[in-house]
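Report on the structure
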Amino acid sequence: MISKPDAGGPDNDIVSTQSEALSRAVEKAAGADSVYVTSAARSRRRTRAEADKRFNVRKDFLESQHSDPNGFERIIGDSDLMSINFLDRGRRAAAAVCRIKVPSDGGAWYGTGFLVGPRLLLTNHHVLGNADEASQCEAEFGYEHDIDGVLREPVCFNLRPHEIFYTNAELDITFVAVTPLSEDGVPLDRYGRLPLIPLSGKAIGGEWVTIIQHPGSEPKQIAIRASQVITLDARAAAGIDPERFIHYSTDTEPGSSGAPVFNDQWQVLALHHKAVPAPEKPGTPAKKSTKPVWIANEGVRISAIFSLLEHRRFSEPHAGLVLDRLDMSLGLTPLSQGTMAGETLLEADRRPLPLARWTQVRGYDPAFLSERVDLAKIYKPALAAGKVAPLLDGSGHELAYHHFTTLIRADRRFPLMTAVNIDGDRLVHPGNRKDTWRRDARIADEFQPDGDFYEKNKGSDPVQFSRGHQVRLLDPCWSALPNVPQALAESQLGAEDTFHYTNAAPQVQTYNDTDWGNLEDYLLDKAQVTQKRLTVFTGPIYRDNDPLYGKDRKGGPWQIPLSFWKIAVLQKSPGKVAAAAFIVGQTQYVQALYEAKVFSGLKPYTVDEMRKRRIQTTIVAIEAETGLDFSTVRPFDAQGTLESTRQTRWISDINDVVI
């Protein structure tokens, strides 16, 4: 019987059998054969999936229902239907996978690898363990059967370990550069690349995955959704770190080491690296001739690879080079392009200003706008956690300068946050910039690294940082004084105050006065015409896995923050304020990016769309990243109050800002 079209319900097009005998026979067959999944089993699978801690993140990696109507149903096990473009996308992904030929005394042995960035290949450490070995190897692309079953000749590319070679035995990973042209002049770009997404959560327990590989040195093969992710019992898997490794069952053989493991969106979730044998039964003597029984496989999580590279970015130069190319693969500006080097960075250090200089300085004004914003409430959580450095005289924690205030994070020795009032209607240009940096005598030296940290000749580190203003140079350069010479003098004091190490953080990306300055100038233009007022809060985002730097420098090592945040509150009308929150830097680690749907299958945003690595996000997202309390300005958040589930947006043009 067929239901009428207007009968309603999701099953109105299903033809139902009237044979109970057939139903019983099918139920019995399904229960006896694991190929069939009963409804009860699907229900259990759904429950397990929703209980996985990565479940919510995994949902955000799915494409919209318009692009993939059954994506959600697949990850919870309710459906195996997928768009026909799954095959086309898989074919595109397969092009980036190659066979690695490693010469040896007996001839050669083989592994699998794949392109992950511009001329950058990823494989296992046990496939390529050192640069000398890699210099003798070849990457063979296109070694596969065509549509007619004819085996194609591989296109061979030499490796360039002298350009990039980074390996780690513990994670079993190796990155190596590849020549741009094959021996016959074929461009490597023809084979594309598989962008690696740093965020964890690309697969959950029970989900089907796919592996493209060169098993046993054979032509390229694929195990399509032939493997399920296995969630281990932490009590039974002592010594196994599930944050670094993922386990799954699949059809792999020797030679598959270094193969990419994909989810249904063709995002690489792991680097395949070894098989898991069946445990030996107690009391059973081992037989040398017995072939091992493999019950599962293990892969290295992509998120764990990024974590390692980020942690060693500044201590191992090739780790930074790898990250640069991985960023380029995602359309991001390489971080090192903002890392400046050379003697031109040397800026003069001067003695601290006398304490008398600060007697009449009041700093940030909480009543500067029509809505009062008290600073103490914002940093109260950090103060309660003992993370705010105290002043030497015991008077508190706030370092007051002309029109701005700084607080120092005690355990990291860089600013916790800065707060500046900007009166755009009374700006006074202070004149030529004077790059003279000082420590502040009001706080202990241990909380403010000086030139010994920033100057190249003070250490053996492969990178050198510039002194990055948190409050930009021109922000506090304004005056309400009617006398022109006095107003200029006050403006110059504000400029001088910004050149304190308590207002500096190591600059490691395209984050500078120009980027933020354009943003602040734009916001001032949005302010009321008669009185252009803006209050800006800024600071680094501190994470536990921030990379170390300067172990042989005085006071080192330091953990270097890689992202920065900014919250701007402007006076839109005499009685109304509005706020906007922004993040710049390594934004792929920001929780709010999950909302942005940045990655779609193998198509990240274009270079133009992501070139600035800036996002407008919500104040709530900044609070989650920093632990600070911006509840006072939260109600005025222009982005956070939008009636949309997508509250994080990339800014590719200043006019994209919502406020």
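Throughout this document, residue positions are counted from 1 along each chain, in the order its sequence is written. Only residues with pLDDT of 70 or above have their local features reported here, since the model is predicted, and side-chain atom pairs are shown and tallied only from 80 upward, although totals for entire chains, interfaces and linings are computed over all residues. Each side-chain value is worked out from all heavy atoms of the structure, with water and hydrogens disregarded.

Bringing helix 9 (residues 375-384) into the picture now. In an α-helix there are 3.6 residues to a turn, and that puts residues three or four apart on one side. Only protein chains enter the accessibility calculation, which uses a 1.4 Å probe; a residue whose area is less than 20% of its type maximum is buried, one above 50% is exposed, and one in between is partly exposed. Strands here are runs of E lasting at least two residues and helices are runs of H or I lasting at least four, both read from the DSSP assignment and numbered beginning at the N terminus. Along helix 9, the positions that sit buried rather than exposed are Leu375, Ile378, Tyr379 and Ala382. Projection of helix 9 onto a plane perpendicular to its axis shows the buried side chains occupying an angular sector of 85°, all on one side. Exposed side of helix 9, more than 90 degrees from the buried face: Lys380 and Ala384 are the residues found there. The contact definition used throughout considers only heavy atoms, calling two residues in contact when any of these lie within 4.5 Å. For helix 9, the secondary structure elements touched by its buried residues are strand 16 (404-409), strand 17 (414-423) and strand 21 (533-541). Starting at the helix axis, one direction is taken to each C-beta atom, and the arc is that of these directions.

All right, on to the confidence of the model for the chain then. Low pLDDT means the predicted coordinates in that region are not meant to be read closely. Per-residue confidence from the predictor is reported as pLDDT, which spans 0 to 100. Across the chain, the average pLDDT comes to 80, with 77% of residues at 70 or higher. Ignoring residues within four places in sequence, the model shows residues 1-14, a span with pLDDT below 50, making eight contacts including any to other chains. In this model, residues 338-346 is a region of pLDDT below 50 whose contacts with residues beyond four sequence positions or in other chains number 18 contacts.

We define a nonpolar core as any set of buried Ala, Val, Leu, Ile, Met, Phe, Trp, Tyr and Cys residues linked to one another through side-chain atoms lying within 4.5 Å. Residues Phe175, Leu196, Ile305 and Leu326 are the most contacted members of the largest nonpolar core, which totals 53 residues. Ranked by residue count, the leading element in this core is helix 7 (residues 302-311), at five residues. Each residue touching Phe175, except ones within four places of it in the same chain, is listed here: Val116, Leu120, Leu121, Leu122, Ile164, Phe165, Tyr166, Leu196, Ile305, Leu309, Val322 and Leu326. If you look at the next biggest cluster of nonpolar residues, it comprises 30 residues, including Ile408, Ala410, Tyr522 and Val657.

Walk down a regular strand and you will see the side chains alternate between the two sheet faces. A pair of strands is labelled paired if DSSP reports no fewer than 2 bridges between them. Note: strand 1 (residues 97-104) against strand 2 (residues 107-117), eight bridges, orientation antiparallel. Looking at strand 2, one finds that Val102 is bridged to Trp109. Linking strand 1 to strand 2, which pair antiparallel, is a turn of two residues. What sits between strand 2 and strand 3 (residues 120-123) in their antiparallel hairpin is a turn of two residues, with Arg119 showing a positive phi close to 55°.

The terminal C-alpha atoms of helix 11 (residues 484-498), which comprises 15 residues, lie 22 Å apart, in line with the 21 Å expected from a rise of 1.5 Å per residue. Where helix 11 is buried, its residues meet strand 15 (399-401), strand 16, strand 18 (436-438) and strand 19 (466-469). One less than the residue count of a helix, multiplied by 1.5 Å, gives the span that helix is expected to have.

In this chain, Gly556 is followed by Pro557 through a cis amide linkage whose omega measures 0°. Although it is not a glycine, Arg119 adopts a positive phi angle of roughly 55°. Assignment of secondary structure puts Arg119 in the loop between strand 2 and strand 3.

Checked against the element boundaries, Tyr501 lands in the loop between helix 11 and strand 20 (504-507). Linking Tyr501 and Phe447, residues 54 residues apart in sequence, is a C-alpha distance of 9.2 Å. Contacts of Tyr501, omitting those with residues within four sequence positions, involve Asp349, Trp437, Arg438, Arg439, Gln448, Pro449, Asp450, Gly451, Tyr454 and Arg467. Of the polar contacts made by the side chain of Tyr501, one reaches the side chain of Asp349; its length is 2.5 Å. Polar contacts, as used here, are pairs of N or O atoms within 3.5 Å; protein pairs need one atom able to donate a hydrogen and one able to accept it. Residues neighboring in sequence count only if both atoms are side-chain atoms.

Another point: a nonpolar patch on the surface. Judged by side-chain polarity, Ile230, Leu232 and Ile240 come together as a nonpolar surface patch covering roughly 220 Å² of accessible area. As for its position among the elements, Ile240 is in the loop between strand 9 (221-230) and strand 10 (245-248). Exposure above 30% relative accessible area and the lack of any salt bridge qualify a residue for a patch; like charges then connect within 9 Å, and the nonpolar side chains Val, Leu, Ile, Met, Phe, Trp and Tyr within 5 Å. Computed with the Shrake-Rupley method and a 1.4 Å probe, the accessible areas treat only the protein chains shown as cover for residues. Any carboxyl oxygen of Asp or Glu that lies within 4 Å of a side-chain nitrogen of Lys or Arg is treated as forming a salt bridge with it.

By the element assignment, Asn421 lies in strand 17. Here Thr535 takes part through its side chain, which lies 3.1 Å from a polar atom of the side chain of Asn421.

This part is about the packing of aromatic side chains. When the centres of two rings from Phe, Tyr and Trp lie within 6.5 Å, Trp using its six-membered ring, the rings pair. Their planes under 30 degrees apart give stacked, over 60 give edge-to-face, and anything left gives tilted. Taken as a whole, this structure holds 19 aromatic pairs when the rule is applied. For the pair Tyr454 and Tyr501, a centre-to-centre distance of 5.9 Å together with 20° between the ring planes defines the contact as stacked. Separated by 47 residues along the polypeptide, Tyr454 in helix 10 (residues 451-454) and Tyr501 in the loop between helix 11 and strand 20 bring together distant segments of the chain. When sorted by exposure, Tyr454 lands in the same class as Tyr501, which is buried.

Quick look at the environment of Leu269 now. Within the secondary structure, Leu269 sits in strand 12 (residues 268-277). Overall, Leu269 belongs to the buried group, its relative accessible area being 5%. Residues Leu269 and Val300 lie 31 residues apart in sequence; the distance between their C-alpha atoms is 8.4 Å. Non-local contacts of Leu269, meaning those with residues more than four positions away in its chain, are made with Lys202, Ala203, Val209, Ile246, Val261, Phe262, Asn263, Val300, Arg301 and Ile302.

So, about the pattern of salt bridges. Taken as a whole, this structure holds 28 salt bridges when the rule is applied. Arg160 is the partner of Glu163 in a salt bridge, and the nearest nitrogen-oxygen pair spans 2.6 Å. Salt-bridge contacts for Arg313 lead to Glu310; the nearest nitrogen and oxygen are separated by 3.1 Å. For the pair Arg313 and Glu310, one class covers both residues: buried. Overlapping salt bridges bring together Arg91, Glu144, Arg152 and Lys220 as one network.

Attention now goes to the packing of helix 7 against helix 8 (residues 317-329). Where helix 7 contacts helix 8, the axes come no closer than 8 Å and their chain directions differ by 130°. It follows that helix 7 is oblique to helix 8 by the angle criterion. The two elements helix 7 and helix 8 meet at a crossing, and its hand is left-handed. On helix 8, the residues touching Phe306, Leu309 and Glu310 of helix 7 are Ala319, Val322, Leu323 and Leu326. The class makeup of the residues in the contact of helix 7 with helix 8 is six nonpolar, no polar and one charged. Inter-axis angles, ranging from 0 to 180 degrees, are taken between N-to-C directions of lines fitted to C-alpha atoms, where helices are fitted over the stretch in contact. Just so you know how the angles are binned, under 35 degrees is roughly parallel, over 145 roughly antiparallel, 65 to 115 roughly perpendicular, and the rest oblique. Crossings are classed by handedness, with left-handed meaning an anticlockwise turn of the near helix from the far one by less than a right angle and right-handed meaning a clockwise turn. Put simply, Ala, Val, Leu, Ile, Met, Phe, Trp, Tyr, Cys and Pro go in the nonpolar bin, Asp, Glu, Lys and Arg in the charged bin, and everything else, Gly too, in the polar bin.

On to the sheet that holds strand 2. Reading across from one edge, 5-4-1-2-3-7-6 is the order of the seven strands in this open sheet, with antiparallel pairing throughout. Of all the strands in the sheet, just strand 5 (155-158) and strand 6 (165-168) have a single pairing partner and so form its edges. Along the sheet, successive strands turn relative to each other by an average axial angle of 30°, direction set aside. Relative to strand 3, strand 2 runs antiparallel, the two sharing three bridges. Note that in strand 3 the partner of Phe114 across the bridge is Leu122. In this fold helix 7 packs onto strand 3, strand 6 and strand 7 (173-177), with an angle of close to 70° to the strand it touches most, strand 7.

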